[in-house]
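# Descriptive analysis of the structure
For reference, the chains in residue letters:
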Number of protein chains: 2
Amino acid sequence: MATPAAPSQAVPADRAVSGRDRVHASALRLFAEFGVSGTSLQMIADDMGVTKAALYYHYKTKDELVLGVIRPLLERVSRTVEAARRLRSRRAQVEFVLDGLVDVVLDARRSYVVATSDRSVGHLLERDAELQQMGERLVDLLAGPDPTAVDRLRTILFLSGLTGPLSDPECTAMPEDEFRATVVDTGRRLLLVRRT
Amino acid sequence: MATPAAPSQAVPADRAVSGRDRVHASALRLFAEFGVSGTSLQMIADDMGVTKAALYYHYKTKDELVLGVIRPLLERVSRTVEAARRLRSRRAQVEFVLDGLVDVVLDARRSYVVATSDRSVGHLLERDAELQQMGERLVDLLAGPDPTAVDRLRTILFLSGLTGPLSDPECTAMPEDEFRATVVDTGRRLLLVRRT
DNA sequence: GTCTATAATGCGATAGAC
DNA sequence: GTCTATCGCATTATAGAC
C-alpha cells in the first residue's frame, strides 16, 4: 500500500527479507515484552544491530512505526471478517471467523497482544478511523445481529481474553492442534449462546 | 504494613483521605489510560495539583509507587482465594471466588486492568515472589485440582478477558446487576466444565 | 508535606556524509 | 540504507529551604 513496486505486502519468504520486515520483527518482540511506551527506538536499533538513525529511513516517526507493525494484522483480520460476511448462516460465519482468528493469532501472537492490549496502540487507533473500524467490525460480526449488551460483553471478553493464553508459558507450550481446538471450542461456548 | 501507626490500611472513608490515597487515585487513572510506562511522574503531579518532587515524599521510586498502587488489589484477591479454600466443594469455591472477583473488579476496575495487562507491572511482579504468588493462586484455584492445559487455558482466558469489558464504554454503561450476572455466568460457563 | 532548583541521563528527531 | 554527531526536550531522582 505504501511500499513502491513491491510484489507482495506479506513477507516474501523466498527473496531476502526487506529492511522494513526486520524492523517489524525486532519492534514487535520488544513491544510485546515491554509495551510500546516501554520500548525506545534505541532498544529496537540495538536489537537489530543498527543505529537509531537508521530507523528513520524506514519510518518518519515512532507512531508511524507502531502503526506499520500493527496494520498487517488488522488488515488480515479485516479480510477474514469480509469473507465471513458472505456466508449465509450465523453459525457458519462465527466458525469461519474463529478459524481465521486462531490462524492469525497463532502466527502473529505478539501483534495480537500488542494490538489489543497496549494503551499506546489504543490511542493511535483512535486517530485512525479506518483501522479502528476493522476492530469494530470483528466485534459486530461475532456479537451477532442486534446484539444485546450481554452479547457484546461475551464477545469482548473472548477477544481480549485471547491475550492471556498467548502470553502464558504453559499455554504456549501446548501442541498447536490442542491450542487451536480449545480456543475454537471456547469461542463457540461463549459466542453461540441461545438467546433467552 | 509500611505506614506507621495508621489505624487502617484501607481508605478511611470517614477521616480525610491521606496523601498516599490521593497519589494512588491520580496514578491509577493515568496508568489505566496511558499505561505505566506512558505515565510520567510529572503527569501524576500535575493531575494532583502538586509538583513532581512532592511525590518523592510518599515513594522513593516510581517502581515503588506502581507497586503501592497495585498491591491493595492483589491482597484483596488473595484474601478472597484464601477464604474460598476453606469451602468443601469445588463448585462452592468457584462461585465464591467469582462473586468476590466481580466485587473487586467492579470497584477497582482500573487497578484490575493495570495489574493484569500492563507489561511494566508484569516485570515488577516478576521480582516480587510474594505478589506473584497471589496471582498464581487465583489461577490454581479456578483451574481446579490437577488442571490440564485446557483447564488452565480457559481460566486464563477468562481472567485476562475481564479487562476487555472493563474498558469498553458500552459494557461499563450496563446496569451493575446485569454486568455482575453476565460475568459470573460467563465464568461458570468457562470454569465449571465437565471433564471429558 | 510541599516547594525551587538542579543534576544526570535518555528520549524522539534532524542534518549531512558515505 | 546506514553512519556520526547533535539539538532540544522530558525523564527519574536528589538536595536543601520553608
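Residues numbered from 1 in each chain as written. Chains lettered and ligands numbered in written order. Predicted model: local features only at pLDDT ≥ 70, side-chain atom pairs only at ≥ 80, totals over all residues. Heavy atoms only, no water.

Note on the copies: chain B fits chain A at an RMSD of 0.0 Å, the axial shift is 0.0 Å, and the rotation between them is 180 degrees. In the structure described here, the two chain copies are related by an operation that fits a two-fold rotation axis. If distances are taken from each C-alpha of chain B to the rotation axis, the shortest is found for glycine 161 of chain B, at 1.7 Å. A symmetric contact is evident, with 100% of the interface residues of chain B recurring at the interface of chain A. (Least-squares fit on C-alpha atoms with pLDDT ≥ 70 in both. Contact = heavy atoms within 4.5 Å.)

For the rest of this paragraph, the subject is the protein's contact with DNA strand C. DNA strand C sits among 17 residues. The nearest are Leu41, Tyr56 and Lys62 of chain A together with Thr51 and Tyr57 of chain B. Restricting attention to atoms of DNA strand C within 4 Å of the protein, one finds that 62% of them are sugar or phosphate atoms. Residue leucine 41 of chain A places a main-chain N or O atom 3.0 Å away from a phosphate oxygen belonging to DNA strand C. Here a phosphate oxygen of DNA strand C sits 2.5 Å away from a polar atom, N or O, in the side chain of tyrosine 57 of chain B. Taken together, the elements giving at least two residues each to the surface near DNA strand C come down to α2 (41–48) and α3 (52–58) of chain A together with α3 (52–58) of chain B. When its residues are assigned to classes, the surface near DNA strand C shows seven nonpolar, six polar and four charged. (Near = heavy atom within 4 Å. Polar contact = N/O pair within 3.5 Å; in protein donor to acceptor, adjacent residues only side chain to side chain. Helix = DSSP H or I, 4+ residues; strand = E, 2+ residues; numbered from the N terminus. Nonpolar A, V, L, I, M, F, W, Y, C, P; charged D, E, K, R; others polar.)

Positioned with a positive phi, aspartate 146 of chain A is a non-glycine residue whose angle comes to about 45 degrees. Mapped onto the fold, aspartate 146 of chain A is located in the loop between α8 (129–143) and α9 (149–161).

Quick look at the interface of chain B and chain A now. With 37 residues of chain B at the interface, the matching set in chain A holds 37 residues. Together, the buried faces of chain B and chain A total about 3000 Å²; carbon and sulfur atoms form 66% of this surface. Of all residues in chain B, Leu153, Leu157 and Arg189 of chain B give up the largest surface area on contact with chain A, accounting jointly for 21% of the area buried on that side. Summed over the shared surface of chain B and chain A, the number is six salt bridges. (Buried area = accessible area lost by both parts, 1.4 Å probe. Salt bridge = Lys/Arg side-chain N within 4 Å of Asp/Glu carboxyl O.)

Residues and elements named next belong to chain B. The residue glycine 187 is located in helix α12 (residues 176–191) in this model. Judged by relative accessible area, glycine 187 falls into the buried class, the value being 0%. When the C-alpha positions of glycine 187 and leucine 87 are compared, they lie 18 Å apart, and in sequence the two are 100 residues distant. Residues in contact with glycine 187, not counting those within four places in the same chain, are Leu98, Phe158 and Leu192. (Buried < 20%, exposed > 50% of the residue type's maximum accessible area, 1.4 Å probe, protein only.)

Attention now goes to helix α12 (residues 176–191) of chain A. For α12 of chain A, spanning 16 residues, the distance from its first C-alpha to its last is 22 Å, which sits close to the expected 22 Å at 1.5 Å a residue. Taken together, the buried positions of α12 of chain A are Phe179, Thr182, Val183, Val184, Thr186, Gly187, Leu190 and Leu191 of chain A. (Expected span 1.5 Å × (residues − 1).)

A separate point is the pattern of salt bridges. Summed over the entire model, instances satisfying the criterion amount to 26 salt bridges over all chains. Residue arginine 152 of chain B is joined to glutamate 170 of chain A by a salt bridge in which the shortest nitrogen-to-oxygen separation is 3.8 Å. Pair noted here: arginine 152 of chain B is in helix α9 (residues 149–161) and glutamate 170 of chain A is in helix α11 (residues 169–172), and the two residues belong to different chains. Classification of arginine 152 of chain B as buried rests on a relative accessible area of 9%. When the shortest N-O distance is used, the salt bridge between aspartate 107 of chain B and arginine 76 of chain B registers 2.9 Å. Here aspartate 107 of chain B is found in helix α5 (residues 90–107), whereas its partner arginine 76 of chain B is found in helix α4 (residues 62–85), with 31 residues between them in sequence. The class of arginine 76 of chain B is partly exposed, set by a relative accessible area of 28%.

Core analysis: the biggest nonpolar cluster contains 120 residues, and Phe31 and Phe158 of chain A together with Phe31 and Phe158 of chain B have the highest contact counts within it. Once residues within four sequence positions are removed from consideration, phenylalanine 158 of chain A is found in contact with Leu98, Leu101, Val183, Thr186, Gly187, Leu190 and Leu191 of chain A together with Leu157 of chain B. (Core = buried A, V, L, I, M, F, W, Y, C linked by side-chain atoms within 4.5 Å.)

This part covers the packing of aromatic side chains. As enumerated under the stated definition, the model contains zero aromatic pairs over all chains in all. One residue, arginine 20 of chain A, lies across the ring of tyrosine 59 of chain A, its end atom 4.5 Å from the ring centre. (Phe/Tyr/Trp six-rings, centres within 6.5 Å; stacked < 30°, edge-to-face > 60°. Lys NZ or Arg CZ within 6 Å of the ring centre and 35° of its normal.)

Another point: the side chain of serine 160 of chain B. Within the secondary structure, serine 160 of chain B is located in helix α9. For serine 160 of chain B, a relative accessible area of 13% corresponds to the buried category. Every residue in contact with serine 160 of chain B, bar those within four places of it in the chain, is listed here: Ser160, Gly161, Thr163, Gly164 and Pro165 of chain A.

Geometry only, nothing functional implied.
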